[in-house]
Amino acid sequence: MNGRLKTLLPTITLLLIFSLDTLAKNPIVVTNLSYRLVINADKGTIESFRSTISGGDNSLLATSQPQLPILKIGLLAGGTNFRTISSLEAKKITAFKSNKGNEEIIEIRFDSIARLNLDAKVFITCPQDKPFTYWNLELSNRTGMWISHIQLPVLKVPYDANPTEESGGKILYSMADGMLAGPLTPTMQIGAWLGSKYDTPETWRTPNYPREYTTQMMAYYNPSAGLYIACDDPTGLPKLIAPLKATDGITMGVGHYPAIKNDVKYKLPYNIIIGTFRGDWYEAADIYRSWAEKQPFCATKLKDREKLPDWLLKPLVGVAFPMRGQADWDYPAAVNSEYTPATNALPYLEKLATGFNAPLMPIVFNWENKGPWVQPEAFPPLGGEAAMKSFMKQSKAKGWHPVLYGDALNWVIEQKNTGYDGLAYFKKNGGDEAACRNWDGSLYLYPGCRGTRMFHTMCIATKTARDMVLEMTRKITQLGPDVVQQFDQIAGPVACFDTTHGHSPVPGPWMTKDFKTLLREHVQVARKVNPEVVIAVEASPPEIYLQDFELWDARTGGSGEMMCPLFQYLYHEYMVGHSGFLVNSVNDEALRASVARAFVSGYFLNFTLRDKGQIHYEWDDLWDRAVPDQTAIIDWARRATAFRENIARDFLVFGKMQKPLKVTNVPKRDFGHGKEFLVHSTTWKAPDGRTAVALANYSDVAQKPRIELEGTGNKKIKVQVDDKVVNYSLALPAVLELDMPSRSVGLVEIEKP
C-alpha cells in the first residue's frame, strides 16, 4: 500500500463515519387507506399529512408545515416573565417507529429543549383500520418554572387560492351554537365573535374551553378532503381549541394547560385525535357525536330527566321586556313606565299570549336597581320587591313561566347609562382582591355593551366571587321566577394569573374543578328556595355541564358562518333551547328568518318588546325606527309554535338532528352575515326511528323546494305544509317537490325502515 495513502486512511475513515452519521435520516411514514403521515426524523416535525380516502391523495396542511415545530411549551419563570420554547430547540431529537398488533406507534424524543432541564416525548399511535391518529405527550420538567401551556400538535391549514363559495375550504368550530367559516382568506373573520383571533403568544396564555367554546373538536375541509381534530377528555380540562389567523394560513390551535412545576414525569391525561374524513361539517360532527354520547356528560337525555318540569316541553314563547332604557347601552336610560313596576307589563303580555295561542316565558330585562346588568348592587329590583314578586305570582297563575337573569361572575363597577359608579363599593367589599388578573398582572376588565358597562370578572377560586354568585342566585330565586339564569354571559371560568388566590399562577385543572363545584352550589342554593326552579344559561353551555342545566338561551343569530347549529346537532336530545333575539334588525323578512332558523333548529321562539308591548327587531336595537308588522310576525310565530308542538313534536322537541337530505331549488338572501336559503330546512330522527325534514319558508313569495329522498324500495311519505296534508307512495331514490306558500312551515315524514 502506498505509504501516503496508508497514513491518510484513518483520517478518511473518520471523515466517512462522520459523513454517514450526519446524513439525513429517512422520514418516518405511516400509510393506510385513509391517510399518509410523514414525520421528519431529524427535526421531529410533520412533513405532511395527506388524505388518501377513496384512493385520493390530497394535502391537508399548509406548505409551511414542515418548518413548524410539532410541539411548543409556554413557561412562566415568575411575575409576568413568560417565554415560549419549541421542540426545534431540543439539544437532541430521536424518532423511531414500532409495531404493536395492528398499530404503528411513532415516538419522538426531545431532550434538553432550549438547553433547559426539560425533556418531552411525543407518541403518535396509528391504527391501521381507522382514519385517525392518536397523539399523546410525556414531559419531564425540572426547570423550576411553571408550564403555562402546551401546543400539541402544531398544525396549519392553507388559505384558499382564488376560492369560490363552492370550491373554498371551510372550518368548523364550536363557539356559541357553532360557527362555520369560509372560504379561507387572509381577510376573513374567524375564531372570535364577529371578529378574529390571532396566533400570538398572548392568545395561547388563556384557554377558551370549557367556556366560550363548548366542545373539544374542530374540522377543516374542502371539496376533496377533510381534517378532523378533537380531544377525548370526558372531564373537561381547560384547553384552547380554536382556529387562529396567521400570515400564511390558519393555525388549528390545540392547547393544553396542565399547570405543572418540577414534575419529573407528566403524561397528558387524554389523547389528541387527528384524522381524515370526506364530506362536510356533518361528517365531522358525526365522528365527535359517536364519542360524546358515550361520556358521563351525556348520561341522561332530556326525556329521561326526573326533575324536568312538564311545561318546558310544551308550547311556549319567550318574550323579553326592558324595565329601563331601550337597549343595554342607550343613555340616559329612563325607566319605562309601561313595564315598571313589572306588573304594568301584564296587559301587554296577555295580548301577546292570546295572539301566540301559547303560554309565555316572560323575561324581565334591565330590572337591576343601579342599572342594566349591575351586580351585585342589583337589589331591590326596579319597582320594588313586592311588585316584582306580584308579577311573578300573577304570571304563574296565568300558566306562564317568568325568567330573571343575573350576570355570571361579573362585578359591574360602572354603568354609564344610569351614571352608576361602583368602584368604591367594589374595593370596600374586597372585589379588587378577588378579581381575575390577566397574564400581565392587570385586573381583568371588560367593556360590555358598547363600552357603557365596565365590569371585572371574578376568580372562581376566591370565596368573595363564589359568595357573590350564590347570593345573587338566592335573592333572584326568592323573587319567584320559574327560571333563574345567573350564568348569563357564558358558563365557565375566566383564566386568572393571580398569585394570592390559592390556585396555580397559570390556567390549569383548578379552573374546571372549581367551576363545577360552584355550579353545583348554585343549583343547590336555587333549589333550596324553589325545588322546581329551572336552571338556565346564556348561549350553548360547555358540553361537560349538560347535566347541570335544563334550558339555554341560544345564539343562532344570523346566517353565513353564524348559521351552523353544531350544538343542536350534537346535543339537542339533552337540553331545551330557545332562540336568542339577535341579528334580526334588517327588516321584517329578516325577523321572520330568525323564526325560521329557530323552528328548524328545534328551539322554541323568543322575542323582545319595544314600547306599547310591540315586538321589536332585537333586544339591542333602539326604538327610533319603523315598527315590525305586528299582525304578520305574531301570526307567523303562532303557526310555527303550534306546528312544532302538534305536528313535529317527536322530531323538533325529542328528536336527533341528522345530516340533511339535499334540498334544492331554493334561492338565497343576504341579511348582512352571509347568504342563507329563503326556505330553511333540517333533517331529524324521532326516538322511534322515523325520519323527517322540517322546512320553513319565511320569504314574501311562494317557494318550491325539492327534496332528494335517499334509499331504496317503496316508501310512504307524508307531507304537511301548514294544515294541508298529502300522502305519497314513492320508489326511492326520488325527488319530491313541495308547494310552500309565503310564510309557511312544513314537515316531510318518511316511513321508517
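The structure this text deals with has already been given above.
Reading the values: rules and limits
Residues numbered from 1 in each chain as written. Predicted model: local features only at pLDDT ≥ 70, side-chain atom pairs only at ≥ 80, totals over all residues. Heavy atoms only, no water. Phe/Tyr/Trp six-rings, centres within 6.5 Å; stacked < 30°, edge-to-face > 60°. Helix = DSSP H or I, 4+ residues; strand = E, 2+ residues; numbered from the N terminus. Buried < 20%, exposed > 50% of the residue type's maximum accessible area, 1.4 Å probe, protein only. Polar contact = N/O pair within 3.5 Å; in protein donor to acceptor, adjacent residues only side chain to side chain. Contact = heavy atoms within 4.5 Å. Salt bridge = Lys/Arg side-chain N within 4 Å of Asp/Glu carboxyl O. Axes fitted to C-alpha atoms, helices over the stretch in contact; angles between N-to-C directions. Parallel < 35°, antiparallel > 145°, perpendicular 65-115°, else oblique. Nonpolar A, V, L, I, M, F, W, Y, C, P; charged D, E, K, R; others polar. Left-handed = near helix turned anticlockwise from the far one by under 90°. Pairing = 2+ DSSP bridges.

1. Some thoughts on the packing of aromatic side chains
Consideration 1: Using the criterion set out here, one finds 32 aromatic pairs in the structure.
Consideration 2: Here the aromatic rings of Phe 297 and Tyr 571 are separated by 6.3 Å at their centres, their planes lie at 85°, and the arrangement is edge-to-face. Residue Phe 297 is found in the loop between α2 (281–292) and β23 (317–322), and its partner Tyr 571 is found in helix α10 (residues 566–571); the two are separated by 274 residues along the sequence.
Consideration 3: Exposure remark for Phe 297: the relative accessible area of 4% places this residue in the buried category.
Consideration 4: Their ring planes at 85° and their centres at 5.3 Å tell us that Trp 411 and Phe 426 sit as a pair that is edge-to-face. Placement of Trp 411 in strand β26 (residues 410–415) and of Phe 426 in helix α5 (residues 423–428) is noted, with a sequence separation of 15 residues between them.
Consideration 5: Owing to a relative accessible area of 4%, Trp 411 belongs among the buried residues under this scheme.
Consideration 6: Classification of Phe 426 by relative accessible area gives buried; the value is 1%.

2. Details of the side chain of Ser 174
Consideration 1: Assignment of secondary structure puts Ser 174 in the loop between β13 (170–173) and β14 (179–181).
Consideration 2: A relative accessible area of 1% means that Ser 174 is categorised as buried.
Consideration 3: A distance of 3.1 Å separates a polar side-chain atom of Ser 174 from the backbone nitrogen of Thr 215.
Consideration 4: Those residues in contact with Ser 174, other than ones at most four positions away along the chain, are Glu 212, Tyr 213, Thr 214, Thr 215, Met 217 and Leu 566.

3. Points about the pattern of salt bridges
Consideration 1: Following the criterion strictly, the structure yields 42 salt bridges and no others.
Consideration 2: A salt bridge links Asp 635 to Arg 638; the shortest N-O distance between them is 2.5 Å. One end of the pair is Asp 635 and the other is Arg 638, both in helix α12 (residues 630–646) and three residues apart, which spans about a single turn.
Consideration 3: Classification of Asp 635 as partly exposed rests on a relative accessible area of 27%.
Consideration 4: Residue classification places Arg 638 among the partly exposed positions, given a relative accessible area of 31%.
Consideration 5: Ionic contacts of the salt-bridge type, sharing partners, join the residues Asp 635, Arg 638, Arg 639 and Asp 722 into one network.

4. Thoughts on the packing of helix α3 (residues 346–356) against α12
Consideration 1: At their nearest, the axes of α3 and α12 sit 8 Å apart, and the two run at 55° to each other. When the interaxial angle is binned, α3 and α12 end up oblique. On the side of α3, the interface is formed by Leu 352, Gly 355 and Phe 356, while α12 contributes Ile 634, Ala 637 and Arg 638.
Consideration 2: In terms of residue class, the contact of α3 with α12 is made up of four nonpolar, one polar and one charged.

5. Some thoughts on the packing of helix α8 (residues 463–478) against helix α9 (residues 509–529)
Consideration 1: Look at α8 against α9: their axes get within 9 Å of each other, and the N-to-C directions meet at 25°. As judged from the angle between their axes, α8 and α9 are roughly parallel. Crossing handedness for the pair α8 and α9: right-handed. Residues Arg 466, Val 469, Leu 470, Thr 473, Arg 474, Thr 477 and Gln 478 of α8 touch α9, and the partners they reach there are Asp 514, Thr 517, Leu 518, Glu 521, His 522, Val 525, Ala 526 and Val 529.
Consideration 2: Tallied by class, the residues present in the contact of α8 with α9 amount to six nonpolar, five polar and four charged.

6. Describing the environment of Ala 491
Consideration 1: By secondary structure assignment, the location of Ala 491 is in the loop between β30 (483–487) and α9.
Consideration 2: Dropping the residues within four chain positions of it, Ala 491 is found in contact with Pro 210, Arg 211, Phe 515, Val 537, Pro 542, Tyr 545 and Phe 549.

7. Comments concerning the pairing of strand β20 (residues 249–256)
Consideration 1: By the criterion of burial, β20 is predominantly enclosed, with eight of the eight residues buried.
Consideration 2: For strand β11 (residues 146–151) and β20, the ladder comprises two bridges, and the chain directions are antiparallel. Within β20, the residue paired with Ile 150 across the bridge is His 256.
Consideration 3: Where strand β12 (residues 156–158) and β20 come together, three bridges link them in antiparallel fashion. Within β20, the position partnered with Lys 156 by the bridge is Thr 251.
Consideration 4: Of the strand pairs in this sheet, strand β19 (residues 239–246) and β20 are connected by eight bridges, and their pairing is antiparallel. Directly across from Leu 240, in β20, lies its bridge partner Gly 255.
Consideration 5: Counting the residues between successive antiparallel strands, the hairpin from β19 to β20 contains two residues.

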